[in-house]
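# Report on the structure
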Amino acid sequence: MNSNASKDDLLTLYDEQFSSRFLLGTALYRSPVEMCDAIKASGSEFITLSLRRQNPQQNDGDAFWQMIKETGCKLLPNTAGCRSAKEAINLAEMSRELFSTPWIKLEVIGDDYNLQPDPFELVIAATELIKRGFKVLPYCTDDLVLCLRLQDAGCQALMPWGAPIGTGQGLLNKYHLNSLRERISDIPLIIDAGIGSPSQAAAALEMGYDAVLLNTAVAKADNPVLMARAFSQAITAGRNGYLAGLMQRRQTASPSTPVLGQPFWQQHQGSNQ
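Keep in mind that what you see is a predicted model, and the values were worked out from it rather than measured.

## Thoughts on the overall build of the protein
Helices and strands together make up the secondary structure of the protein, namely eleven helices and ten strands. Out of the 273 residues in the protein, the part that is buried amounts to 47%. Pairs at least 24 apart in sequence give 66% of the contacts found in the protein among residues at least 6 apart. Accessible surface for the protein amounts to roughly 14,500 Å². Of this, 50% is attributable to carbon and sulfur atoms.

Dropping the structure here:
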C-alpha cells in the first residue's frame, strides 16, 4: 500500500472527491436541531433527504430545508417509497428541480415486508436516469448479477445493502459482499442499510468497501450526536485497517514472540553446571 494513502485517500464519486466516507440520512431525529448537531459530529459531506418529507399544506418545509442548507453538505435526494421505475424517474426529476442537483439515491422497492429493492424496475430506472444526466447511486441487494447490470447501465457507484433497512443486523452475507468487492473493483461500493453499530461499519470498510450510508442507527440512538461521532471514528479506523493490510486468519496458533532453540533460562542453567 502507498505510505501516503491515509493522507491522500479520498472518496471519488462521479469524478467528485470527498474526504469523508460517511453518508448520513436526515430522517427519524427527535428534532431538526439534534439532526444538525449529529451531521456536524459525523463529519459527513453527503446527506440524504426525501422530497416527500415536505408538507406544502402546512408550509412547514421551509425551515427544515433552510437548516439542511446551513449544514454545508452536498444533498443526495432519494426516491424512497417508489415502487416502479416510472414513479422513481418522476420523483428524481422533481428532486433535481427542487434541490438543483443531479445527484439521486435511487430506490425502487419491490417488497413491503423487508423493503427489498425490485431488481428489474431498478435497472430500468437507473438506465433512464443515467441517460438524463443524473448521478445515480442505486440502493440494491448484494446480488452480483444485479450489480453488474447496474454498472453496465452506467452507474459509477453502487450501494448494496448489508441487511434490510432499519434492522441493524449488519453484514448478513459476507460471502456475497466479499464476492461483490472482488468482482467489482473499479467503482466505489457503499454499504447502504442494515448497519446498526460502529463495529459493523468498521467491518465493512475493513472488507474494502468504500463508504457507509446509514440513518436509523444514529437518529434513534439515545445520544445521536455521540453515536454519529462513534460511527465516524469507526469508519476511519476500518478504512485505515484495510489500507494497512489486515492480519491473515490462521487455523493454528503462531507465537508473537518466537524463540529459537532452548529457552534462555535452560541455557543459562546449563552453563553453571
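And the narrative resumes.
## Points about the side chain of glutamate 34
Summarising the element assignment, glutamate 34 is placed in helix α2 (residues 32-42). Those residues in contact with glutamate 34, other than ones at most four positions away along the chain, are Tyr29, Pro224 and Val225.

## Points about the nonpolar core
Counting 74 residues, the largest nonpolar core has Leu106, Val212, Leu214 and Val218 as the members making the most contacts within it. Those residues in contact with valine 212, other than ones at most four positions away along the chain, are Arg21, Phe22, Leu23, Ile190, Ile191, Ile195, Ala201, Ala204, Leu205 and Ile235.

## Focus on helix α5 (residues 119-131)
Under the 1.5 Å per step criterion, the end-to-end length of α5 is 19 Å for 13 residues, consistent within 8% with the ideal 18 Å. On its buried side, α5 packs onto α4 (85-99), β6 (103-106), β7 (135-140) and α6 (144-152). One side-chain oxygen at the N-terminal end of α5 lies 3.0 Å from the backbone nitrogen of phenylalanine 120; it belongs to aspartate 118. Backbone geometry just after α5 places glycine 133 at a positive phi near 90 degrees.

## Digging into the environment of glutamate 128
Looking at the secondary structure, you find glutamate 128 in helix α5. Distance in space between the C-alpha atoms of glutamate 128 and alanine 153 is 8.6 Å, their sequence separation being 25 residues. Reaching out from glutamate 128, the side chain makes a polar contact with the side chain of arginine 132 at a distance of 2.8 Å.

## Considerations on the pairing of strand β5 (residues 74-78)
The buried fraction of β5 is high, at four of five residues. Alignment of strand β4 (residues 46-50) against β5, held across five bridges, turns out to be parallel. Residue pairing across strands places leucine 49 opposite proline 77, the latter belonging to β5.

## Considerations on the confidence of the model for the protein
Across the protein, pLDDT averages 89, with 87% of residues at or above 70. Here residues 1-5 scores under 50 on pLDDT; set against residues more than four positions off or in separate chains, the count is three contacts.

## Re the packing of aromatic side chains
Under the criterion given, the structure shown has five aromatic pairs. Between the aromatic rings of tyrosine 14 and tryptophan 103, the centroid separation amounts to 5.6 Å while the plane-to-plane angle is 90 degrees, which identifies the pairing as edge-to-face. Separated by 89 residues along the polypeptide, tyrosine 14 in the loop between β1 (11-13) and β2 (16-18) and tryptophan 103 in strand β6 bring together distant segments of the chain. The buried category is assigned to tyrosine 14, whose relative accessible area is 9%. We classify tryptophan 103 as buried; its relative accessible area is 2%.

## Here we look at the pairing of β6
A regular strand carries its side chains on alternate faces of the sheet. Neither face of β6 is left uncovered, since the one carrying Trp103 and Lys105 and the one carrying Ile104 and Leu106 both have all their residues buried. As paired elements, β6 and β7 share four bridges and run parallel to each other. By the bridge assignment for β7, leucine 106 is matched with proline 138.

## Some points on the packing of α2 against helix α10 (residues 224-244)
With their axes 8 Å apart at the nearest point, α2 and α10 run at an angle of 20 degrees to one another. Considering the angle they form, α2 stands roughly parallel to α10. The two elements α2 and α10 cross, and the hand of that crossing is right-handed. Along its contact with α2, which presents Glu34, Asp37, Ala38, Ala41 and Ser42, the element α10 presents Pro224, Val225, Ala228, Arg229 and Ser232. Along the lines of polarity and charge, the residues of the contact of α2 with α10 split into five nonpolar, two polar and three charged.

Parameters at a glance
- Residues numbered from 1 in each chain as written.
- Predicted model: local features only at pLDDT ≥ 70, side-chain atom pairs only at ≥ 80, totals over all residues.
- Heavy atoms only, no water.
- Helix = DSSP H or I, 4+ residues; strand = E, 2+ residues; numbered from the N terminus.
- Buried < 20%, exposed > 50% of the residue type's maximum accessible area, 1.4 Å probe, protein only.
- Contact = heavy atoms within 4.5 Å.
- Areas by Shrake-Rupley, 256 points an atom, 1.4 Å probe, with all protein chains shown as cover.
- Core = buried A, V, L, I, M, F, W, Y, C linked by side-chain atoms within 4.5 Å.
- Expected span 1.5 Å × (residues − 1).
- Polar contact = N/O pair within 3.5 Å; in protein donor to acceptor, adjacent residues only side chain to side chain.
- Pairing = 2+ DSSP bridges.
- pLDDT = per-residue confidence, 0-100.
- Phe/Tyr/Trp six-rings, centres within 6.5 Å; stacked < 30°, edge-to-face > 60°.
- Axes fitted to C-alpha atoms, helices over the stretch in contact; angles between N-to-C directions.
- Parallel < 35°, antiparallel > 145°, perpendicular 65-115°, else oblique.
- Left-handed = near helix turned anticlockwise from the far one by under 90°.
- Nonpolar A, V, L, I, M, F, W, Y, C, P; charged D, E, K, R; others polar.

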